[in-house]
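# Examining the three-dimensional arrangement
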Amino acid sequence: SIDGLEEDHNLIRMNDESFKRVIQTFHRLRELKLEYPNLNIGIITTFTSFNQYKMLDMMKFIKKELNPDSFTLSLTRGNPKNKISKEIDIEQYKKITTIKNKIFKKGYDNFYLSSLRNANETIIEDIVYKTIKYNKFQTPCYAASLNAIISPEGDVFGCEILNNKIGNIRDV
């Protein structure tokens, strides 16, 4: 995960070495890809109020310097430590996702149904945009039916938005 260029990323992560370590890890994974060509290396960025107007520069850096197999843009959600991070400009999100899909055209391409996965990501970005813009869910909720969220403490939730704890994996 890269949340900004070096200074911003380190500030968001509250660690002066974080950006450098992410880049080092990425390059090590690139070396492994030479041995394991089916390994896909993707980068995800969370779109927040802190980085929303710096996204274009960050995406250009990621494309030019790292050129990952995929680049995913996630919208900040749930209960972040700093609530201000959720105060985003939804039109900026739409603009950036449109640009992202032009800069990172390829997406994953080396596994069965990869084109379906890539199309799904584009559709999800549009659903997220409409959900926030109109403050209304665009699809039925499948929380806990298709996946689950596990917190660092092992607590299991069906959804990041609802605070309904299902249990804890350490209690099994």
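Please read these numbers as outputs of a predicted model, since none were measured by experiment.

The tally for this structure, following the rule as stated, stands at 10 salt bridges. In this structure, the salt-bridge partner of Lys33 is Asp69, at a minimum N-O distance of 3.0 Å. Of this pair, Lys33 sits in helix H2 (residues 18–35) while Asp69 sits in the loop between helix H3 (55–66) and strand E2 (70–75), placing them 36 residues apart in sequence. Given the relative accessible area of 18%, Lys33 is considered buried. A salt bridge links Glu121 to Lys100; its shortest N-O distance comes to 3.0 Å. A residue pair is termed long-range when its members are at least 10 positions apart, and Glu121 in helix H5 (residues 114–134) and Lys100 in helix H4 (residues 90–103) qualify at 21 residues. Each of the two residues, Glu121 as well as Lys100, counts as buried.

Within the open sheet, the 3 strands sit side by side as E3-E4-E5. Their pairing is antiparallel. At either end of the open sheet lies a strand with only one pairing partner, and these are strand E3 (149–150) and strand E5 (165–168). In the sheet, E3 pairs with strand E4 (residues 155–157) via 2 bridges, with the strands oriented antiparallel. Within E4, the position partnered with Ile149 by the bridge is Phe157.

Okay, unusual backbone geometry next. The phi angle at Asn67 is positive, at roughly 45°, despite the residue not being glycine. Residue placement: Asn67 occurs in the loop between H3 and E2. Asn67 sits in the partly exposed class, given a relative accessible area of 39%. Backbone geometry places Asn135, a non-glycine residue, at a positive phi of 50°. Of note, Asn135 is situated in the loop between H5 and E3.

Scoring rules and cut-offs
- Residues numbered from 1 in each chain as written.
- Predicted model: local features only at pLDDT ≥ 70, side-chain atom pairs only at ≥ 80, totals over all residues.
- Heavy atoms only, no water.
- Salt bridge = Lys/Arg side-chain N within 4 Å of Asp/Glu carboxyl O.
- Helix = DSSP H or I, 4+ residues; strand = E, 2+ residues; numbered from the N terminus.
- Buried < 20%, exposed > 50% of the residue type's maximum accessible area, 1.4 Å probe, protein only.
- Pairing = 2+ DSSP bridges.

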